[in-house]
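A structural walkthrough
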Amino acid sequence: MNSIHLLLSLFLLVAFSNQHMVYGNAEVRVLMDLKSSLDPEGKILSSWISDGDPCSGSFQGIECNEHGKVANISLQGMGLSGWLSPAVAELKCLSGLYLHYNNLSGEIPTQISNLTDLVDLYLDVNNLSGTIPPEVGNMASLQVLQLGDNQLVGNIPTQLGSLKQLSTLALQYNKLTGQIPLSLGNLEKLSRLILSFNNFSGMIPAALATTAHLEVLDIQNNSLSGNVPSALKRLGQGFQGANNPRLCGVGFSTLRSCNKDKDLDVNHIYTSDQDLSKSSNPPKALPEPANIQLHCNQTHCSKSRRFPHTVITASVITITLSFIGAGFLTFIRYRRQKQRIRNASSSSEGKLSPDQSKEFYSKSPSALANVEYCNGWYPLSDGQNAGGLCNEYLNQFRFNVDEVESATHYLSEANLLGKSKFSAVYKGVLRDGSLVAIRSLSVTCCKTEEAEFVKGLSLLTSLRHENLVRLRGFCCSSGRGECFLIYDFATMGNLSKYLDMEDGSGNVLEWSTRVSIIKGIAKGIGYLHSNEASKPTIVHQNISVENVLLDHEFNPLIMDAGLPKLLADDVVFSALKVSAAMGYLAPEYITTGRFTEKSDIYAFGVIVLQVLSGKKTIGSSIRMAVESFRFDDSIDTNLRGRYSKSEAETLSKLAMLCTHELPDQRPTMADVIQELSVFPAHS
């Protein structure tokens, strides 16, 4: 009798062991199907092989959870040129799908809605077409949905209002039409809604204004109309509604004021999605589940189909003793294979490059959010000391290398905005859809003393002013030998591009805009020069029209404030040659070799002359014209006389005073701001 029990146990083990192999092979089969669609030529995903183990670390871009199920697919910026196969829906434990910055085409498969545990879906910056499947509204765990920069058409499905966990919805730069569904106002956790550069019409749902966590609403460059709910004013710069000619609102700088007789109040119409749903395509029936399903919950992945006990019993009864030996050998062979896979998986840990020291947190759904770079910034220490790069204050500003590479498409030349001897600046798109400018600094250009470097970094992160470019964070990597500074992106470029304009150019700045820019630059420098409790007095050292950026409202933003605090002395000194060649270097530097607040004011005076004249180079003829108040010779001729002569006189005198040869004769920036405060508000 004991022999029978032993045989039964043995065959049950064999049966269930083979069942594990079936389920393991199921994910491999799905990945191979996915490989053939994403990479039809097989040039990129060559590491995905049919007899491999996805969880061994050998499959590029694949991360598994603690139960050995595929949890993340991170293939952003890989040059994939295929399409997204519906087979991806069979990876039931998938929590992150990152396929952005590729060249994928075709439609988003409706079957993707079966991924009910998916948290992050990044399909932006591809060439996807078709409509947004209404079935996406069934993906209850979805927190981030990035579909921007594609060729999507149709309406926003009202079903997206069912995504209660959604925090970011980014649909910018598509061909979407229709109205903004009222149902989006039901998304209590929504913090970023980016719908810009589409062709949406109708009004902004009033329900959106009451969404408690909303921080960014970007609806610019659409065909929206009506009155913007006044409650959205709380978003400040987070609300962007420019280039919607029929949109109006009170207290929004980019919008016209509303006409009560012509502009309908959004609160009195469009109170349901009924009309919108009538014109929308009805949701298609959800596909039947595949034969082999890999269901997943928050704690474990369970087998969706177990061999019926009757089948197992019948198999045991019908198998003769002559197959016992074969079954035993099969069992032993399988156990050895499992052991080899586990050993391979264990040995793969820690094989990451030095600049990508990672600790995988299985609870994190995002492959980009589960890495930390707390140490390894040569010549800094391991960061264990409170004053190092891993101190509590700087932690909140830290990015990781994956995020930087993903945002800039792996620092591609296509995203390069500018380059100098000591740094390069790239345009990037972060995971939340926001645009950033990322400056790359070589370790050889930075201060070698950890304390000085950390002090400078802490200073940069503390600077906050409406006329300074905001530093969002940093990333330091010893393996790459670089430090990255992540700034907000200024959409209108630098001030230099608006100088030396050809006659009749549409980019010629109006007089009121020029005055506003000058006043903003003065306020930014004034903030740097002020000695507040939260910061010391800061001398910029390199103010120029190239270092003044303009946002979408042409507000000036001074960049690189405090940057010399991070740079080695010889790098700072080498930058002087460029500054001197462009005429910004104060004459006293030749004898003193020091930068002061007065040297910043000298550079400011040069910028004022550049803005007034519309010229990048200020020659003696312009100075003579300014000194003699011959405005027709000193003010930009592209203005065609459309300027205030009294304001031009005040600004010209101020510029000459700021560029006085003797520093003691120059005003303080507080004096300059006081002088400019008398200008009319409409300027």
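Below is a summary of the structure that appears in this document.

A closer look at the nonpolar core
- Ranked by internal contacts, the top residues of the largest apolar core, which has 63 residues, are Ile-73, Leu-232 and Phe-239.
- Elements that contribute at least two residues to this core include exactly helix H1 (2–38), strand E1 (62–64), strand E2 (70–74) and helix H2 (206–209).
- Examining the composition of this core, we find that 4 residues originate from one element, H1, more than from any other.
- Excluding residues within four positions of it along the chain, Ile-73 makes contact with Leu-31, Leu-34, Gly-61, Ile-62, Leu-91, Leu-94, Gly-96, Leu-97 and Tyr-98.
- If you look at the next biggest cluster of nonpolar residues, it comprises 52 residues, including Tyr-527, Ile-538, Ile-543 and Ala-648.

Quick word on the pairing of strand E12 (residues 223–227)
- Inspection of the sheet shows strand E10 (residues 199–202) paired to E12 by 2 bridges, in the parallel sense. Looking at E12, one finds that Ser-201 is bridged to Ser-223.

Brief notes about the sheet that holds strand E5 (residues 144–146)
- Pairing within the open sheet is mixed, and its 9 strands lie in the order E1-E2-E3-E4-E5-E7-E9-E11-E13. One side of each edge strand has no neighbouring strand; the edge strands of this open sheet are E1 and strand E13 (239–240).
- Pairing of strand E11 (residues 216–218) with E13 involves 2 bridges; the strand directions are parallel. Across the sheet, Leu-217 pairs through a bridge with Phe-239, a residue of E13.

Re unusual backbone geometry
- In this structure, Val-125 takes a positive phi of about 55 degrees despite not being glycine.
- If you trace the backbone, Val-125 turns up in the loop between strand E4 (120–122) and E5.
- The residue Gln-541 is not glycine, and still its phi comes out positive at about 80 degrees.
- Residue placement: Gln-541 occurs in the loop between helix H9 (511–529) and strand E20 (548–550).
- A residue is classified by how much of its surface remains accessible, and Gln-541, at 24% relative accessible area, is partly exposed.

Calculation notes
Residues numbered from 1 in each chain as written. Predicted model: local features only at pLDDT ≥ 70, side-chain atom pairs only at ≥ 80, totals over all residues. Heavy atoms only, no water. Core = buried A, V, L, I, M, F, W, Y, C linked by side-chain atoms within 4.5 Å. Buried < 20%, exposed > 50% of the residue type's maximum accessible area, 1.4 Å probe, protein only. Helix = DSSP H or I, 4+ residues; strand = E, 2+ residues; numbered from the N terminus. Contact = heavy atoms within 4.5 Å. Pairing = 2+ DSSP bridges.

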